[in-house]
Amino acid sequence: MGYGIKLVVGIVIFLVLSVFLHIYTPELEIEEPSVQEDEIIQNEYTLPSAETFYTNPKVYEFPTWTSRPMHYTILNKEVCKNNKKIAEAFRIISQETDGLVWFQESDTGNVISIECEDAFTFPESDLETIRHGEASSIIYPDTKEIVGGNIKFFNINCLQWECSNYPETEIHEILHVLGFGHINSEESIMNPIGGNNVRRIDFKISSCLKRIYGGNESYSCEGISFLT
Ligand SMILES: [Zn+2]
């Protein structure tokens, strides 16, 4: 073969290889996104950003329910031994906030879901560990908007516990779904252990509620810890 032919064959082989590589290179790149799919699946159960729902999400200074009245629903009234106390707790919170916070029984929109359960029976020596209730709230971390809450009340036998007509446990759990955390004072309705016969909502909690829901800046949320 002459030099000219060798050169032409060489160029042709080079071009074929170039086209071959060019065609296959993009396919190699296409395989990479599979790693991102794994990340999306992992993130599936985290709360989506509020910006997914609102183009201009309002950012609140404190955890805030945006609906008024706030809706609540009792999922199994027939099991709840203290339906009257639940209703009384909502009434007292409304009264203590001069009607700025009020509630209505409804299962639409953002809802406080309440469920009752029979309490476990503890040995007599273990009375202090009786759990009266538990609560959680769903709060967007970026806007502090509360979009839901769950409460479980345990039916307590009054022979095991000093029961009163004042809905201490009911108010405590409802305040949790309004975003309030515990306060370690024995005088506080938000004491984590309870059972101190507290018969009123702390002045600083009702003040804070007035600040949040009345927008009145002469009230403050000083000394309050919030759930996040
Ligand atoms: Zn608590």
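**Student:** How would you explain the overall build of the protein if you had to name every residue and give the values?
**Tutor:** A count of helical and extended segments in the protein gives five helices and six strands. Written out in order from the N terminus, the α and β elements of the protein read α-α-β-β-α-β-β-β-β-α-α. The buried share of the protein, reckoned over its 228 residues, is 24%.

**Student:** A description of the environment of E105 should follow, citing residues and the corresponding values.
**Tutor:** When you line up the elements, E105 lands in strand β3 (residues 103–105). The class of E105 is partly exposed, set by 14 C-beta atoms lying within 10 Å. In sequence terms E105 and A87 are 18 residues apart; their C-alpha atoms lie 9.6 Å from each other. Apart from residues no more than four positions distant in its own chain, E105 is found in contact with Y72 and T73.

**Student:** Help me get a handle on the pairing of strand β4 (residues 111–118), residues and values and all.
**Tutor:** Pairing of strand β2 (residues 70–74) with β4, which is carried by four bridges, proceeds in the parallel orientation. If you follow Y72 over to β4, its bridge partner there is I112. In the sheet, β4 pairs with strand β6 (residues 145–155) via seven bridges, with the strands oriented parallel. Along β6, the bridge assignment pairs E117 with F154.

**Student:** Could you give an account of helix α3 (residues 83–96), naming the residues involved and the relevant values?
**Tutor:** Between the first and last C-alpha of α3 there are 20 Å, a value that for 14 residues agrees with the 20 Å anticipated at 1.5 Å per step. Among all positions of α3, only I86, A89, F90, I93 and E96 are buried. Projected onto a plane normal to the axis of α3, the buried residues spread over an arc of 140° and lie on a single side. Elements in contact with the buried residues of α3: β2, β3, β4, α4 (168–177) and α5 (203–214).

**Student:** If you had to explain α4 to someone new, which residues and values would you point to?
**Tutor:** Counting buried positions along α4 yields ten of ten residues, so the element is predominantly enclosed. Among all positions of α4, only E168, T169, E170, I171, H172, E173, I174, L175, H176 and V177 are buried. Positive phi shows up at G179, right after α4, with a value of about 100°.

**Student:** Outline the packing of α3 against α4, listing residues and values.
**Tutor:** Running from N to C, α3 and α4 cross one another at 60°; their axes reach a closest spacing of 8 Å. Judged by the inter-axis angle, α3 sits oblique to α4. In the packing of α3 onto α4, the handedness of the crossing is right-handed. Contact residues: α3 offers K85, I86, A89, F90, I92 and I93, while α4 offers E170, I171 and I174. Here the contact of α3 with α4 is composed, by residue class, of seven nonpolar, no polar and two charged.

**Student:** Break down the confidence of the model for the protein for me, citing the residues and quoting the values.
**Tutor:** When the pLDDT values of the protein are averaged, the result is 80; 72% of them are 70 or greater. Within the protein, β2 carries the highest mean pLDDT (98), whereas helix α2 (residues 34–43) carries the lowest (33). Contacts for the low-pLDDT stretch residues 19–45, under 50 throughout, to residues beyond four places or in other chains number zero contacts.

**Student:** For the pairing of β6, give the residues involved together with the corresponding values.
**Tutor:** Sheet topology note: the strand β1 (residues 64–65)/β6 ladder contains two bridges and is parallel. By the bridge assignment, T64 is partnered in β6 with E145. Where strand β5 (residues 133–139) lies against β6, seven bridges are found, and the strand directions are antiparallel. Directly across from I138, in β6, lies its bridge partner G148. The hairpin turn running from β5 into β6, its antiparallel successor, is five residues long, and K144 in that turn takes a positive phi close to 65°.

What counts and how
Residues numbered from 1 in each chain as written. Predicted model: local features only at pLDDT ≥ 70, side-chain atom pairs only at ≥ 80, totals over all residues. Helix = DSSP H or I, 4+ residues; strand = E, 2+ residues; numbered from the N terminus. Buried ≥ 20, exposed ≤ 12 C-beta atoms within 10 Å, placed from the backbone. Contact = placed C-beta atoms within 7 Å. Pairing = 2+ DSSP bridges. Expected span 1.5 Å × (residues − 1). Arc of directions from axis to C-beta. Axes fitted to C-alpha atoms, helices over the stretch in contact; angles between N-to-C directions. Parallel < 35°, antiparallel > 145°, perpendicular 65-115°, else oblique. Left-handed = near helix turned anticlockwise from the far one by under 90°. Nonpolar A, V, L, I, M, F, W, Y, C, P; charged D, E, K, R; others polar. pLDDT = per-residue confidence, 0-100.

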